[in-house]
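# Remarks on the overall topology
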Amino acid sequence: MKIDLLWFDDCPNHHAAEVLVREILKDFGVDAPVNKIKVPDLETGEKTRFPGSPTIRINGVDVDPTYEDTGDYTPRCRVYFTSEGFKGLPEKAWVENAVRKASAPTRNTSLSDRTGIFGISTVPSAT
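Parameters and conventions
Residues numbered from 1 in each chain as written. Predicted model: local features only at pLDDT ≥ 70, side-chain atom pairs only at ≥ 80, totals over all residues. Heavy atoms only, no water. Helix = DSSP H or I, 4+ residues; strand = E, 2+ residues; numbered from the N terminus. Contact = heavy atoms within 4.5 Å. Core = buried A, V, L, I, M, F, W, Y, C linked by side-chain atoms within 4.5 Å. Buried < 20%, exposed > 50% of the residue type's maximum accessible area, 1.4 Å probe, protein only. Pairing = 2+ DSSP bridges. Polar contact = N/O pair within 3.5 Å; in protein donor to acceptor, adjacent residues only side chain to side chain.

### Focus: the environment of Asn35
- One can find Asn35 in strand E2 (residues 34-38).
- For the pair formed by Asn35 and Leu5, sequence separation is 30 residues and the distance between their alpha carbons is 6.0 Å.
- Those residues within four positions of Asn35 in sequence are excluded, and the remaining contacts are Lys2, Ile3, Asp4 and Leu5.

Structural data, given as structure tokens:
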């Protein structure tokens, strides 16, 4: 699992975001590093597609389920629209859901997985 925490110096919430992520990883029994990515300028913001600080991405996906890329990557504070109103951190449930999704085993459903050695289906019929 790849966990990125993007932030900039003037953000008052990036420390709390790191604590939130680490607590959730511990709760889920996930031993993965948190890659702290400092975004000091617009050039770095553009390279990382930085929507504001703090940003948490799990396997490259923003934890905010409503996130839409605006194309503005200027280093600045990020505000999340949560169930409790505007906040400087994402909802805990969003981070938990992202970790849960990234932790779930993936299942390859190719034809070879659904058929036996002689091409006979191993998937039960719906009868």
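### Quick word on the nonpolar core
- Counting 16 residues, the largest nonpolar core has Ile3, Val21, Leu25, Ile56, Ile58, Val95 and Val99 as its most contacted members.
- Among the secondary structure elements, those contributing two or more residues to this core are strand E1 (3-7), helix H1 (14-28), strand E3 (55-58) and helix H3 (92-103).
- For Ile56, the residues in contact, after removing those within four places along its chain, are Asp4, Leu5, Ala17, Val21, Val61, Asp62, Val63, Tyr80, Pro90 and Val95.
- Leu6, Phe8, Val39 and Phe50 belong to the second-largest nonpolar core, a separate cluster that totals five residues.

### Digging into unusual backbone geometry
- The linkage connecting Ser53 with the following residue, Pro54, adopts the cis geometry, with an omega of 0°.
- Examined against the element boundaries, Pro54 turns out to sit in the loop between helix H2 (42-48) and E3.
- The backbone of Arg49 sits at a positive phi, close to 55°, despite the residue not being glycine.
- Among the secondary structure elements, Arg49 is positioned in the loop between H2 and E3.
- Residue class for Arg49 comes out partly exposed when judged on its relative accessible area of 45%.
- Positive phi outside glycine occurs at Asn59, with the angle close to 50°.
- Summarising the element assignment, Asn59 is placed in the loop between E3 and strand E4 (61-62).

### Quick notes on the sheet that holds E3
- Taken together, the four strands give an open sheet; going across it, the order is E2-E1-E3-E4, and neighbouring strands pair in mixed fashion. Edge positions in the sheet fall to E2 and E4, since each has one partner strand and no second.
- Bridging between E1 and E2 involves five bridges; their strand directions are parallel. Residue pairing across strands places Leu6 opposite Ile37, the latter belonging to E2.

### Focus on the environment of Tyr73
- Mapped onto the elements of the fold, Tyr73 is located in the loop between E4 and strand E5 (80-82).
- We classify Tyr73 as buried; its relative accessible area is 10%.
- The sequence separation of Tyr73 and Arg49 amounts to 24 residues, and the corresponding C-alpha distance is 5.8 Å.
- Tyr73 has contacts with Leu42, Gly45, Glu46, Arg49 and Phe50, leaving out every residue within four places of it along the chain.
- Within polar-contact distance, the side chain of Tyr73 engages the side chain of Asp69 at 2.9 Å.

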